[in-house]
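Here are the chains, one letter per residue:
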Amino acid sequence: MADSQEEDYERAGLGGRLTPGTAPALLLVDPARAYVDPDCPLYAGVDAAVDAMRVLLADARRAGIPVIVTRVRLRADGSDGGVFLRKVPALRAFVEGSPFGDFIEGLAPAADELTVTKQSPSAFFGTGLAARLTAIGIDTLIIGGLSTSGCVRATALDAMQHGFVPVVVEEAVGDRDPAVHAANLFDIGHKIGEVWSIRRVREYLAPPP
């Protein structure tokens, strides 16, 4: 009998385990109205992931860990969109003044939380985020957001490359295609970071008894 996909990856040495540290932060990637508004071409039908993000955000605030929320903002003429915008013209949903770039209700950062504005998929590219996290001693990033195959994956990869343990929360990320979503979670879990259930993350964030 042929090996299962999981067995094949494990046998090949793909899938070591990372242990999250004791200084986590929550990073919500692009919780933008574009993904939940049917009038936007980027609409992805990710309501369940949005609900999970709200739970995750409430837990992070209750635990008192740092919260970072990212957003994509492009100039009105798209001149700072670069190759990314040329490849994905639908990103014009995020030009200045577009309501589709607004945060989803209940997922906007508080005044004392960090907003990272970006023009590329990764929350780290050109933003100075790594330096800010290092300065406050963060060793682990709990990641939720949209979309799994795009900005979430790019952010998790860069988190790992900058030395932070990425923990992608399975229920709190979403994509327009369930098969693409599942394939990217599988790949993230075997090559980039950890993929945890929201229940496991909530236990990790809970104060000791």
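Residues numbered from 1 in each chain as written. Predicted model: local features only at pLDDT ≥ 70, side-chain atom pairs only at ≥ 80, totals over all residues. Heavy atoms only, no water.

Some thoughts on the environment of Ala156
- Mapping Ala156 onto the fold places it in helix α5 (residues 148–161).
- Judged by its relative accessible area of 0%, Ala156 is buried.
- A C-alpha to C-alpha distance of 14 Å links Ala156 and Gly174, two positions 18 residues apart in sequence.
- Beyond its immediate chain neighbours, meaning those up to four positions away, Ala156 contacts Ile143, Pro166, Val168 and Ile192. (Helix = DSSP H or I, 4+ residues; strand = E, 2+ residues; numbered from the N terminus. Buried < 20%, exposed > 50% of the residue type's maximum accessible area, 1.4 Å probe, protein only. Contact = heavy atoms within 4.5 Å.)

What about the pattern of salt bridges?
- Scanning the model with the defined rule gives 12 salt bridges in all.
- Where Arg54 meets Asp51, a salt bridge forms, and the shortest distance between an N and an O atom there is 3.2 Å. Of this pair, Arg54 and Asp51 both sit in helix α2 (residues 47–63), separated by three residues, roughly a single helical turn.
- Exposure remark for Asp51: the relative accessible area of 44% places this residue in the partly exposed category.
- With a closest N to O distance of 3.5 Å, Arg73 and Asp102 form a salt bridge. Of this pair, Arg73 sits in the loop between β2 (67–72) and α3 (82–87) while Asp102 sits in the loop between α3 and β3 (114–118), and the two are 29 residues apart along the sequence. (Salt bridge = Lys/Arg side-chain N within 4 Å of Asp/Glu carboxyl O.)

That is the geometry; function is a separate question.
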